[in-house]
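Structural overview for review
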Amino acid sequence: MALSRRPPHASFAKFVGTARGFRPSDADLTRYAAITVSDSPVLFPGWDRLATAHCRVDLALLSSRGRWSGTEPFGTPTTDPGGMVLALTRARLRPAKALTFWRAIPPVATELDKAPGLLAHFGMGEAPIGWQGTVSVWRGSSDLTRFAYRQPEHRAVIARTPADRWYAEDLFARFAVREISGDRSVLGWVAEEEAGRNR
C-alpha cells in the first residue's frame, strides 16, 4: 500500500488503513482500502497478489459536501435509484480538539452497532491519528437518514461540531451502491442482514 500510486486514469485516489471500530486503538493492520474516482475500473494487481481476500464496491455519488486534501473529488451527483447506500465521512482533526472528539465518539459507535438497516461498517484513515473517517453500508437511504438525524447520540455530535470546531477539513458523502463483488466479510458485513437478504 505504501508504494501505491494513483492510477493514471483515476482523477482521485487515496490509500487508507482501516479499523474494526472508530478509535485509533481499533486499527486493523491486516486490511487496507483504495478509494478511487474513475470512469473505468481501477485495478490493483499487486494488492491482489498479496491479499487473502478482497472486496470491490462500485458507487455512484448521491451527495457530497466538504473537501478532501483541498479538493471536491467525487464529481456530479446522480439521483437515488433506491437500494443500498454507502456513507463515507472523512476528517482531519485539529490537534487541540482531538481529545474532546474522541470522548464524544463511544456513545455514537455503540448506537451504530444496533442501528436498523446497517449492513457493514469500518473506520478508515490516511494516518492512525488525526486523519480519520468512516465507511458504512446501509439497506437504503431511509435507514441511513434515520440514524444520522434521529439517533440522539449522533444528532448531538452533529450539533456540537460547529461550536467545538473539531475538524480542520472534513467531507461527508453518500453514494448509491451499484455493485459489490468479492468477499463481503472484508467490509465487516453483518451476517444477520446478509442471511435475511438472501432468503
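Our structure is the block above this text.
The structure reproduced in this document is the subject of the present report. These figures come from a predicted structure and were not determined experimentally.

Describing the sheet that holds strand S1 (residues 12-19)
- With antiparallel pairing, 7 strands are arranged side by side in an open sheet as S2-S1-S5-S6-S4-S7-S3. Both edges of this open sheet fall to strand S2 (27-37) and strand S3 (55-66), since each of them pairs with a single strand only. Neighbour to neighbour, the strand axes of the sheet diverge by 30 degrees on average, direction disregarded.

Some points on the nonpolar core
- If you look at the biggest cluster of nonpolar residues, it comprises 24 residues, and the most contacted ones within it are Trp-68, Phe-74, Leu-88, Met-124 and Trp-189.
- Only S1, S2, strand S4 (85-93), strand S5 (118-127), strand S6 (131-138) and strand S7 (167-182) provide two or more residues apiece to this core.
- Leave out the neighbours within four places in its chain, and Trp-68 touches Phe-12, Lys-14, Ile-35, Pro-73, Phe-74, Leu-88, Arg-90, Met-124, Glu-126, Glu-169 and Leu-171.
- Within the second largest apolar cluster, 13 residues are counted, among which are Leu-62, Leu-118, Phe-147 and Ala-176.

Things to note about the pairing of S4
- With 7 of its 9 residues buried, S4 lies for the most part within the structure.
- Direction of pairing for S4 relative to S7: antiparallel, over a ladder of 9 bridges. Bridge pairing in S7 places Arg-92 opposite Glu-169.

About the cut-offs
Residues numbered from 1 in each chain as written. Predicted model: local features only at pLDDT ≥ 70, side-chain atom pairs only at ≥ 80, totals over all residues. Heavy atoms only, no water. Pairing = 2+ DSSP bridges. Helix = DSSP H or I, 4+ residues; strand = E, 2+ residues; numbered from the N terminus. Axes fitted to C-alpha atoms, helices over the stretch in contact; angles between N-to-C directions. Core = buried A, V, L, I, M, F, W, Y, C linked by side-chain atoms within 4.5 Å. Buried < 20%, exposed > 50% of the residue type's maximum accessible area, 1.4 Å probe, protein only. Contact = heavy atoms within 4.5 Å.

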